[in-house]
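Residue-level structural notes
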Amino acid sequence: MGPIALAAVGVNSIIGAGFYLLPAQYFAVVGPWAPLVLLAVGVLLVAIARCCAEGGRRCEVSGGAYLYVRAAYGPRAVFEVGWGLYLSRLVATAAMFSALIMLLKVTTGLEWGLGPSAVVIGVMTVVVAAFSIVGGRANAGLVTALAVIKVAPVVLLIALEAPVLDTAALAPRTAPRTRALGAAAAMAMFSYAGFENLAIPAGEASNPQRDVPRALVISLAAGVVLLVGANAVAIGLVNGLSDSKLALADAAQVVMGPAGWWMIAVTAILAVVGSKAGSLLANSRLLQGLADQGDIAAWFGGRSRRYGTPATAVVVSSALVAALALSGTFQSLVVLAVGTRVLVYASVALSVVRLRARDRSGAAPAARYRMPFAPQMVGGVLAGCGGILATMTLTQGVALAAGLTLGLLLYAGQAYQRRRSGA
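The structure reproduced in this document is the subject of the present report.

This next bit is on the overall build of the protein chain. Of regular secondary structure, the protein chain possesses 15 helices and 0 strands. For the protein chain, the proportion of its 423 residues judged to be buried stands at 57%. Once local pairs closer than 6 in sequence are excluded, the contacts in the protein chain between residues at least 24 apart make up 83%. With an accessible surface of roughly 16,800 Å², the protein chain has 67% of that area assigned to carbon and sulfur atoms.

If you want it as structure tokens, here you go:
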């Protein structure tokens, strides 16, 4: 996988469920401030991407952020980060399936019960898992093709509709409340979430230390432009935006008629499928990384004899995602995914500080890239992540704590098994 294929993994994760289903919610929460909130969160994520890029120039195997923090703080302290990232990815991928069912309801006008939903989720899981097991060029080709297919109509939508926007609708008239800004920022974090996924399958990159940082910048820059532009288009063209079920399709209908609505609706479905493909690739390689480092049973890292890809991790991750998708709603899964991911981002930022200190003593892998203005970057990441966590409700905090506690129990069980084997 070269830099373009890796960047496609990131773009596929960004232009997915949140991209198409959250514009109405953004507007309902903060009104015309939505594009500015998305831009601000995009700037925060540029700093996070820089931290990931520096970590990526130290690692050549699969695992992503988990490996950066492991190199900085060691296996005991970092397992929870790896587990948190894996849990976040599972929940976010399940949210994509819930989004797919929502899109099918909107486009067909039918109510999809548990039975039909289970069939769709099951079929899609098997197909995407098969590509993930094949890996290499086949999976990279699927992810790249879906990225092109779903980005092209969005670019066309923004280009055609930007000249006819109601610019007055984009002008904020009142200041939003702090809690509303925090809620919108958390949703924005979900929309952007996944750009760093491209670093997880680094072991399958042709030149990971060179290509991963480049791909991070490309995918995030594209995501910022498309998210901000698409939400501005929705605000400027759709009347009653808060009540829209598929805002970007409604915006396309204003300029292109029913054909425009269907173009975006079909693209939205393909976008969710593409995000699912990229996310399952990242999920399974992350679970492989945990197994390869000895933090969970080696069985989870079992490879396909034919393709050399982590077939066991693909099957386990696929089953867990399908179960989560059938048990939760899109909104509840979004909330659970964001809190865990924010903690991971903060840990990656702190790992940069630790790795630089260990680098000077020769105890860490040498970095071939060192981000500029590191203190300011790390400080901005910690402040932004802390602000988003502060907006979580007590119920959301309890759910987050429960998920992380489960990770600690899993790690403790594995540590006990290692002690028994050593004895």
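This next bit is on the packing of aromatic side chains. The full count for this structure, using the stated rule, is 2 aromatic pairs. Ring geometry for phenylalanine 19 against tyrosine 20: centres 5.0 Å apart, planes inclined by 70°, an arrangement best described as edge-to-face. The residues phenylalanine 19 and tyrosine 20 share a single accessibility class, namely buried. When the ring of tryptophan 261 is compared with that of tryptophan 262, the centres are 5.1 Å apart and the planes differ by 80°; the resulting orientation is edge-to-face.

A few words now on empty space enclosed by the protein. This model, assessed by the stated rule, comprises 3 cavities of 30 Å³ or more. Considered as a void within the structure, the largest cavity measures approximately 80 Å³ in volume. Ser13, Gly18, Met96, Phe190 and Ala193 are the residues nearest the centre of the largest cavity, which is lined by 13 residues in total. Elements supplying a minimum of two residues to the lining of the largest cavity: α1 (3-14), α2 (17-21), α6 (75-108) and α9 (178-192). When the residues that make up the lining of the largest cavity are grouped by side-chain class, the tally is 7 nonpolar, 5 polar and 1 charged.

Time to look at the side chain of serine 317. Inspection of the secondary structure assignment puts serine 317 in helix α12 (residues 311-327). Within polar-contact distance, the side chain of serine 317 engages the backbone oxygen of alanine 313 at 2.8 Å. In this structure serine 317 touches Tyr86, Leu90, Leu280, Asn283, Ser284 and Leu287, once residues within four positions along its chain are discounted.

Its boundaries defined by the atoms lining it, the largest pocket holds a volume of some 510 Å³. With 5 residues, α6 is the single largest residue contributor to the lining of the largest pocket.

What follows is about a nonpolar patch on the surface. On the surface, Leu156, Leu160, Val164, Val254 and Val255 cluster together to form a nonpolar patch covering roughly 390 Å² of accessible area. Of all the secondary structure elements, the ones that give two or more residues to the nonpolar patch are α8 (136-161) and α11 (247-292). With respect to the helices and strands, the residue leucine 156 is situated in helix α8.

Right, let's talk about the environment of glycine 387 for a bit. With respect to the secondary-structure elements, glycine 387 resides in helix α14 (residues 374-390). Glycine 387 sits 45 residues away from valine 342 along the chain, and the two C-alpha atoms are 10.0 Å apart.

Here helix α3 (residues 23-30) crosses α9 at 165°, and the two axes come no closer than 9 Å. Considered as vectors, α3 and α9 are oriented roughly antiparallel to each other. Helix-helix and strand crossings are classified by hand; for α3 and α9 the assignment is left-handed. Contact with α3, carried on its side by Gln25, Tyr26, Val29 and Val30, involves Ala180, Leu181, Ala183, Ala184, Met187, Ala188 and Ser191 of α9 and no other residues of that element.

Below, the discussion takes up α14. With 17 residues, α14 extends 24 Å from end C-alpha to end C-alpha; this agrees with the ideal 24 Å at 1.5 Å per step. Buried within α14 we find Ala374, Met377, Val378, Val381, Cys385 and Ile388. Down the axis of α14, the buried side of the element spans an arc of 100°, and every buried residue falls inside it. Every exposed residue of α14 that faces more than 90 degrees away from the buried side is listed here: Pro375, Gln376, Ala383 and Ala390.

The rules we used
- All chains use their own residue numbering, which begins from 1 and follows the written sequence.
- In view of the model being predicted, local features appear only for residues whose pLDDT reaches at least 70, and side-chain atom pairs are presented and counted only at 80 or more, with totals across whole chains, interfaces and linings using the full set of residues.
- Here the side-chain values reflect all heavy atoms present in the structure, with hydrogen atoms and water set aside.
- Here a helix means four or more residues in a row that DSSP labels H or I, a strand means two or more in a row labelled E, and each is numbered from the N terminus.
- Exposure is judged per residue with a 1.4 Å probe applied to protein chains only, and the accessible area is read against the type maximum: over 50% gives exposed, under 20% gives buried, and values in between give partly exposed.
- The contact definition used throughout considers only heavy atoms, calling two residues in contact when any of these lie within 4.5 Å.
- Each accessible area is a Shrake-Rupley result for a 1.4 Å probe, and residues are judged covered by the shown protein chains and nothing else.
- Geometry of aromatic contacts follows a simple scheme: Phe, Tyr and Trp rings, the Trp one being its six-membered ring, pair when their centres are within 6.5 Å, and the pair is stacked under 30 degrees between planes, edge-to-face over 60, tilted otherwise.
- For cavity detection a 1 Å grid was placed over the protein atoms alone, and a set of points counts as a cavity when a 1.4 Å probe fits there but cannot get out; an open set counts as a pocket when protein lies on both sides within 12 Å along at least five of seven lines, with lining residues being those that have an atom within 4 Å of a point.
- Grid points are joined across faces, edges and corners, and a volume is the space filled by probe spheres set on the points.
- In this count, Pro and Cys sit with the nonpolar residues alongside Ala, Val, Leu, Ile, Met, Phe, Trp and Tyr, while Asp, Glu, Lys and Arg are called charged and the others, Gly among them, polar.
- Polar contacts, as used here, are pairs of N or O atoms within 3.5 Å; protein pairs need one atom able to donate a hydrogen and one able to accept it. Residues neighboring in sequence count only if both atoms are side-chain atoms.
- Without a salt bridge and with relative accessible area above 30%, a residue can belong to a patch; like charges are then joined within 9 Å and nonpolar side chains (Val, Leu, Ile, Met, Phe, Trp, Tyr) within 5 Å.
- For this document, the term salt bridge refers to a Lys or Arg side-chain nitrogen within 4 Å of an Asp or Glu carboxyl oxygen.
- Every angle, taken between N-to-C directions, lies between 0 and 180 degrees, and every axis is a line fitted to C-alpha atoms, over only the stretch in contact when it is a helix.
- Oblique is the label for any angle not covered by the other classes, which are roughly parallel (under 35 degrees), roughly antiparallel (over 145) and roughly perpendicular (65 to 115).
- Throughout, a crossing is termed right-handed when the near helix is turned clockwise from the far one, and left-handed when it is turned anticlockwise from it by less than a right angle.
- Multiply 1.5 Å by the residue count of a helix minus one, and that product is the helix's expected span.
- Picture the helix axis, draw a direction to every C-beta atom, and the arc is the one those directions span.

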